[in-house]
Amino acid sequence: MERWEGKVAVVTGASAGIGATTALALADHGMRVVGLARRQHKIQELNNAVKGRGTIRGLRCDLTNEEDILAAFRWIQNSFGGVDVLVNSAGFIGNKTVPASLLSGSSNEWRSVLDTNVVAVSICTREAVKSMRRRGDNGHIIHINSLAGHKVPFFPSTPLGIYPASKHAVTALTESLRIELMALKSRIKVTSISPGSVDTEMTRTFATNVLGIKDQLNGEQSYFKQLLPEDVSDAIVYALGTRPNVQVHELTIQPIGQRLCE
Ligand SMILES: NC(=O)c1ccc[n+]([C@@H]2O[C@H](COP(=O)([O-])OP(=O)(O)OC[C@H]3O[C@@H](n4cnc5c(N)ncnc54)[C@H](OP(=O)(O)O)[C@@H]3O)[C@@H](O)[C@H]2O)c1
């Protein structure tokens, strides 16, 4: 990770869960992190917890609004000189963290899922790649995908609605981006990281509101076996730490004892 010390990482969804843990891990490795989310104060608070030489700066950004995203990247260009690493972590499953149903969800709710999980990922990636190309073409784009981006999980009592479609799009975006970058003979790396269930706000609210489970998500008797956000940020640090000739294409991560897409 030495080569990233002092470099600039943009982490979307840095106010919670995987994004927050990733922002901290990258700052602990000496990166200057800019986190994008609507709850800017939560990102700012993370800066007090940085143990390494890096920093975390929060920017308020609604990723469903293209102007917000473009303004954020302009600010990063002016204040930090550009972007070296982009981690697309922000994600949305549906209102009240209940998956947006294909039969009863509203069209606006579907659009919010697709705007956050697909369109915003593409806009942030386009803006970051422009900046990385100007800065020597050595960047790294990491999409936080999902096992649901490879296979639709079978949860008959709580179907995941439009969410798996949005994550399948991320799988396709990862490969299409790689092909476009190859055509440019770019050295920018692209990695998709696909976790199973992770203990974050998203799954806690889902477990409480939908499944009626309140405590001990990770207990021995728990229905849910979960990863920790740190398990995902460890994978991000691993992918970033590979030598310049190595590109981690896809990492799927699940807790021990779980079948694929269980
Ligand atoms: N948790 C899991 O089990 C799991 C499993 C596989 C994949 N994933 C993926 O991992 C990623 C992170 O999920 P998580 O579990 O860490 O979720 P989380 O704890 O619910 O955090 C979601 C993050 O996304 C941000 N966000 C959502 N909508 C936004 C918007 N319109 N504008 C700006 N920021 C927005 C939230 O920030 P604000 O609310 O402050 O705006 C928050 O920081 C997602 O892409 C998710 O699909 C999660």
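Coordinates for the structure precede this section.
The residue numbering used here restarts from 1 in each chain and proceeds along that chain's sequence as written. Under the rules for a predicted model, residues below a pLDDT of 70 receive no local features and side-chain atom pairs below 80 are neither given nor counted, while totals for whole chains, interfaces and linings still include all residues. Heavy atoms throughout the structure, all of them, feed into the side-chain values; hydrogens and water do not.

K.L.:
Help me understand the overall build of the protein chain in this model?
P.N.:
Note on conventions: DSSP H or I runs of at least 4 residues are helices, E runs of at least 2 residues are strands, and numbering of each starts at the N terminus. Each helix and strand in the protein chain was counted, giving 7 helices and 7 strands. Along the protein chain, helices and strands appear, N-terminal first, in the series β-α-β-α-β-α-β-α-β-α-β-α-α-β. Only C-alpha atoms enter the radius of gyration, while the globule expectation follows 2.2 Å times N to the 0.38, with N the number of residues. For the protein chain, whose C-alpha radius of gyration is 18 Å, the value lies close to the compact-globule estimate of 18 Å for 262 residues. Taken along its principal axes, the extent of the C-alpha atoms in the protein chain is 50 × 35 × 35 Å. The cut-offs for exposure are 20% and 50% of the maximum accessible area for each residue type, with area from a 1.4 Å probe on protein chains only; residues under the lower value are buried, those over the upper are exposed, and the others partly exposed. Split into buried and exposed, the 262 residues of the protein chain put 51% on the buried side. In this analysis, two residues are considered to be in contact whenever any of their non-hydrogen atoms come within 4.5 Å of each other. Partitioning the contacts of the protein chain with sequence separation of at least 6, the portion at a separation of at least 24 is 68%.

K.L.:
Where do I start with the pattern of salt bridges in this structure?
P.N.:
Two side chains that carry opposite charge are able to pair once their charged atoms sit near each other. When a carboxyl oxygen of Asp or Glu lies within 4 Å of a side-chain nitrogen of Lys or Arg, that pair is called a salt bridge. Overall, the coordinates contain 11 salt bridges when judged by the stated rule. Across the salt bridge formed by Lys-130 and Glu-127, the nearest N and O atoms sit 3.1 Å from each other. Residue Lys-130 and its partner Glu-127 are located together in helix α4 (residues 107-134), separated by 3 residues, close to a single helical turn. Taking relative accessible area as the criterion, Glu-127 reaches 13% and is therefore assigned buried. As a salt-bridge pair, Asp-199 and Arg-204 come within 2.7 Å of each other at their nearest N and O atoms. A relative accessible area of 12% means that Asp-199 is categorised as buried. Exposure remark for Arg-204: the relative accessible area of 43% places this residue in the partly exposed category. One connected set of salt bridges, linked through shared partners, spans Glu-66, Arg-126, Glu-127 and Lys-130.

K.L.:
How do you make sense of the packing of helix α1 (residues 17-28) against helix α7 (residues 229-240) when you look at a structure like this?
P.N.:
What describes two packed helices is the angle between their axes and the distance between those same axes. Each axis is a line fitted through C-alpha atoms, taken for helices only over the stretch in contact, and angles between the N-to-C directions span 0 to 180 degrees. The geometry of α1 relative to α7 is characterised by a closest axis approach of 8 Å and an angle of 50° between their N-to-C directions. By the angle between their axes, α1 is oblique relative to α7. Of the two elements, α1 crosses α7, and the hand of that crossing is right-handed. On α7, the residues touching Gly-17, Ile-18, Thr-21, Thr-22, Ala-25 and Leu-26 of α1 are Pro-229, Glu-230, Val-232, Ser-233, Ile-236, Val-237 and Leu-240. Here the angle decides the label: under 35 degrees means roughly parallel, over 145 means roughly antiparallel, 65 to 115 means roughly perpendicular, and every other value means oblique. Each crossing gets its hand from how the near helix is turned against the far one by less than a right angle, where anticlockwise is left-handed and clockwise is right-handed.

K.L.:
Whenever I open this one, the pairing of strand β2 (residues 32-37) confuses me. Can you help?
P.N.:
In summary, the side chains of a regular strand alternate between the two faces of the sheet. The element β2 is largely enclosed, with a buried count of 5 among its 6 residues. As judged from the 5 bridges shared by strand β1 (residues 8-12) and β2, these two strands associate in the parallel manner. Bridge pairing in β2 links Val-11 to Gly-35. In short, DSSP must find at least two bridges between two strands for them to pair.

K.L.:
I tried to follow the sheet that holds strand β6 (residues 189-195) on my own but got confused; where do I start?
P.N.:
Neighbouring strands of a sheet are bound in pairs by backbone hydrogen bonds; such pairs are parallel or else antiparallel. Pairing within the open sheet is parallel, and its 7 strands lie in the order β3-β2-β1-β4-β5-β6-β7. Here the strands that pair on one side only, and so sit at the sheet edges, are β3 (55-60) and β7 (250-253). Neighbouring strand axes in the sheet, compared pairwise and without regard to direction, differ in orientation by 15° on average. Where α4 meets the sheet, its contacts fall on β1, β4 (85-88) and β5 (140-144), and the angle it forms with β4 comes to roughly 175°.

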